[in-house]
Amino acid sequence: MPLAQQHRTLGRTGLRVSPVGLGCSGFWGHRRFSEQAAANVVEHALAQGVNLLDTGHNYSGFHAEPRLGRILRPLLKQYPRHSLVISSKGGTLTGQAGIGGGEQRNFSPAAITASCEASLRNLGLDYLDIYQLHGASQHDVNDELLAALQRLRERGLIRHAGINTHTASTLRWMIDHPTLFDVVLLDYNALQQDREPLIDQLHAAGIGVLAGTVLAQGHLLPARPRLPRPADAWYLARAWLKPSSRHLMRSARRMRNAVGAIKSQRPAQTAFAYALGHPGVASGILGTTRTQSLDEVLATRLEALTATERQRLVDAFDDGRGSPSH
């Protein structure tokens, strides 16, 4: 069955999600990228069977959620709300997703409640399937915050709560407290194979795992021989400025060569085949401004990455010692 027509169960939530989710953030929500072009990406994704849409309250200078809401409004006549899994995030107060590493956050019960209510107004929705604390650590979570999330559930505003984190210590804390959150969105790709034991444990605990940065913020892909666009410049700047991306950049060359040497499919497909080949990963999130890139990833054949080829990527990680996942 083609990847675009498959669905996987997201941990104990019972939600059935497409193996590829669409990230409605980044340059997709930028004012310099036309809203009609952004709508084309979303509409094309839904038409191809993608049912998971991931965004965040602060993304794209706070423009991503309202834009997605305007785009979804007419589409919900064709795609019933219950057929979609829509995820957003709260807690980050800066509008550029912490590109320079200087996020400002507020996880107080009042702030998280207000952020969730604002997200629903922006999106024009009655509820979120998944509501994530954006960049929260174990030190941010207390009984008052958990009670506030429970009240959001009781009001019918959210179905499941999660954490979006890039920090191994937070993942280990979630594993030690497996009943507090239903979902985690973490960074995972062939350059971050040290995530795999944690993913195993999260999955075993019933916590649904969503993988971000599957393409390692572009570091697993060859340079594109074409004229650059504003979106390319934006993503390149993020790759240079975001601290986590600089870690990936320093260890990328060996892995990029290893991915490129696999000829059974294109590099982006090999990268997604590697991440989605992990049984604990329910879906990988793709952020893109191109329907062609979306189609390419949706054409990924998991079986095309043989055990021998997968081992080559493992060897490349071991030889290069990968990227440190803190």
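Residues numbered from 1 in each chain as written. Predicted model: local features only at pLDDT ≥ 70, side-chain atom pairs only at ≥ 80, totals over all residues. Heavy atoms only, no water.

S.K.: How should I be thinking about the overall build of the chain in this particular structure?
M.R.: On a plain count of helices and strands, the chain comes out with 13 helices and ten strands. Residues classed as buried in the chain amount to 56% of the 326 residues present. For the chain, the share of sequence-separated contacts (at least 6 apart) that also reach a separation of at least 24 residues comes to 77%. On the chain, roughly 13,800 Å² of surface is accessible, and the fraction owed to carbon and sulfur atoms is 52%. (Helix = DSSP H or I, 4+ residues; strand = E, 2+ residues; numbered from the N terminus. Buried < 20%, exposed > 50% of the residue type's maximum accessible area, 1.4 Å probe, protein only. Contact = heavy atoms within 4.5 Å. Areas by Shrake-Rupley, 256 points an atom, 1.4 Å probe, with all protein chains shown as cover.)

S.K.: Just to check I follow, could you spell out the sheet that holds strand β4 (residues 52–54) for this structure?
M.R.: Across a sheet, strands are paired by hydrogen bonds formed along the backbone, either parallel or antiparallel in direction. In spatial order, the strands read β3-β4-β5-β6-β7-β8-β9-β10; together these eight strands close into a barrel with parallel pairing. Direction aside, the axes of adjacent strands within the sheet are offset by 30° on average. As defined by bridge partners, strand β7 (residues 158–164) adjoins strand β8 (residues 183–187) across three bridges and the pair is classed as parallel. Among the inter-strand pairings, G162 is bridged to a residue of β8, identified as V183. (Pairing = 2+ DSSP bridges. Axes fitted to C-alpha atoms, helices over the stretch in contact; angles between N-to-C directions.)

S.K.: Honestly, the pairing of β7 in this entry has me stumped. Any pointers?
M.R.: As a general feature of sheets, a regular strand has side chains that alternate between the two faces. Among the seven residues in β7, six count as buried, and that is most of the element. For the handedness criterion, the β-α-β arrangement of strand β6 (residues 128–134), helix α5 (residues 143–154) and β7 is classed as right-handed. Once the chain exits β7 it traverses helix α6 (residues 168–176) before rejoining the sheet at β8, and the crossover so formed is right-handed. (Right-handed = clockwise from strand over helix to strand, strands pointing away.)

S.K.: So what exactly am I meant to see when it comes to the packing of α6 against helix α7 (residues 196–204) here?
M.R.: What describes two packed helices is the angle between their axes and the distance between those same axes. With their axes 9 Å apart at the nearest point, α6 and α7 run at an angle of 25° to one another. Our classification of the angle between α6 and α7 gives roughly parallel. Of the two possible hands of crossing, α6 and α7 adopt the one that is left-handed. Residue-level inspection shows A168, L171, R172, M174 and I175 of α6 in contact with α7, the latter providing L198, Q201 and L202. Of the residues that constitute the contact of α6 with α7, the class distribution is six nonpolar, one polar and one charged. (Parallel < 35°, antiparallel > 145°, perpendicular 65-115°, else oblique. Left-handed = near helix turned anticlockwise from the far one by under 90°. Nonpolar A, V, L, I, M, F, W, Y, C, P; charged D, E, K, R; others polar.)

S.K.: Can you walk me through the pattern of salt bridges in this structure?
M.R.: Close approach of charged atoms allows side chains with opposite charge to pair. Applying the stated criterion across every chain, the model contains nine salt bridges. Between E35 and R70 there is a salt bridge whose closest N-O contact spans 2.8 Å. With E35 in helix α1 (residues 35–47) and R70 in helix α3 (residues 64–75), this residue pair connects regions lying 35 residues apart in the sequence. Counted as one network, the salt bridges with shared partners bring together E35, R67 and R70. (Salt bridge = Lys/Arg side-chain N within 4 Å of Asp/Glu carboxyl O.)

S.K.: How should I be thinking about helix α11 (residues 267–276) in this particular structure?
M.R.: The buried fraction of α11 is high, at ten of ten residues. Looking at α11, one finds that the buried residues are P267, A268, Q269, T270, A271, F272, A273, Y274, A275 and L276.

S.K.: Is there a simple way to explain the nonpolar core in this structure?
M.R.: Among the nonpolar cores identified, the biggest contains 86 residues, and W28, V42, L133, F181, L202 and M255 are the most heavily contacted of them. Ranked by residues supplied to this core, first place goes to α11 with seven residues. The contact partners of L133, leaving out residues within four places of it in the chain, are G90, F107, I112, V141, L145, L149, G162, I163, N164 and F181. The next biggest cluster of nonpolar side chains, apart from the first, holds eleven residues, and it includes V183, L185, A282 and I285. (Core = buried A, V, L, I, M, F, W, Y, C linked by side-chain atoms within 4.5 Å.)

S.K.: In this structure, what is going on with the environment of L146? I would like to understand it.
M.R.: Secondary-structure assignment places L146 in helix α5. Sequence separation between L146 and P109 is 37 residues; the distance between their C-alpha atoms is 8.2 Å. Ignoring sequence-local partners within four residues, the contact set of L146 consists of V141, L180 and F181.

S.K.: Hey, could you run me through the packing of aromatic side chains in this one?
M.R.: To describe a pair of aromatic rings, one takes the distance between the centres and the angle between the planes. Scanning the model with the defined rule gives three aromatic pairs in all. Ring geometry for F27 versus F33: centroids 6.2 Å apart, planes at 55°, classification tilted. Across the pair, F33 and F27 agree in class, each one buried. With centroids separated by 6.3 Å and ring planes inclined at 45°, the aromatic side chains of Y188 and Y274 adopt a geometry described as tilted. Note that Y188 is positioned in the loop between β8 and α7 and Y274 in helix α11, a separation of 86 residues in sequence. Taking the relative accessible area as the measure of exposure, Y188 reaches 0% and is therefore buried. Its end group placed over the ring of Y274, R310 keeps NZ or CZ at 4.0 Å from the ring centre. (Phe/Tyr/Trp six-rings, centres within 6.5 Å; stacked < 30°, edge-to-face > 60°. Lys NZ or Arg CZ within 6 Å of the ring centre and 35° of its normal.)

S.K.: In this structure, what is going on with α3? I would like to understand it.
M.R.: Side chains three or four residues apart in an α-helix point the same way, a direct result of the helix having 3.6 residues per turn. Taking 1.5 Å of rise per residue, twelve residues should cover 16 Å, and α3 covers 17 Å from first to last C-alpha, within 8% of that figure. α3 sits mainly inside the fold: nine of its twelve residues count as buried. Tucked inside the fold, the buried residues of α3 contact α1, β4, α2 (59–62), β5 (85–90) and α4 (109–123). (Expected span 1.5 Å × (residues − 1).)

S.K.: What should I look at first to understand unusual backbone geometry in this one?
M.R.: Glycine aside, residues mostly have negative phi angles, and peptide bonds mostly take the trans form. Its identity as a non-glycine residue notwithstanding, A216 has a phi of 55°, on the positive side. Within the secondary structure, A216 sits in the loop between β9 (208–212) and α8 (230–241). Look at A216 and you get buried, because its relative accessible area is 0%. A positive phi angle, close to 55°, is found at Q217, a residue other than glycine. Note on Q217: relative accessible area 16%, which makes it buried.

Take it as geometry only, folks, not as evidence of what the structure does.
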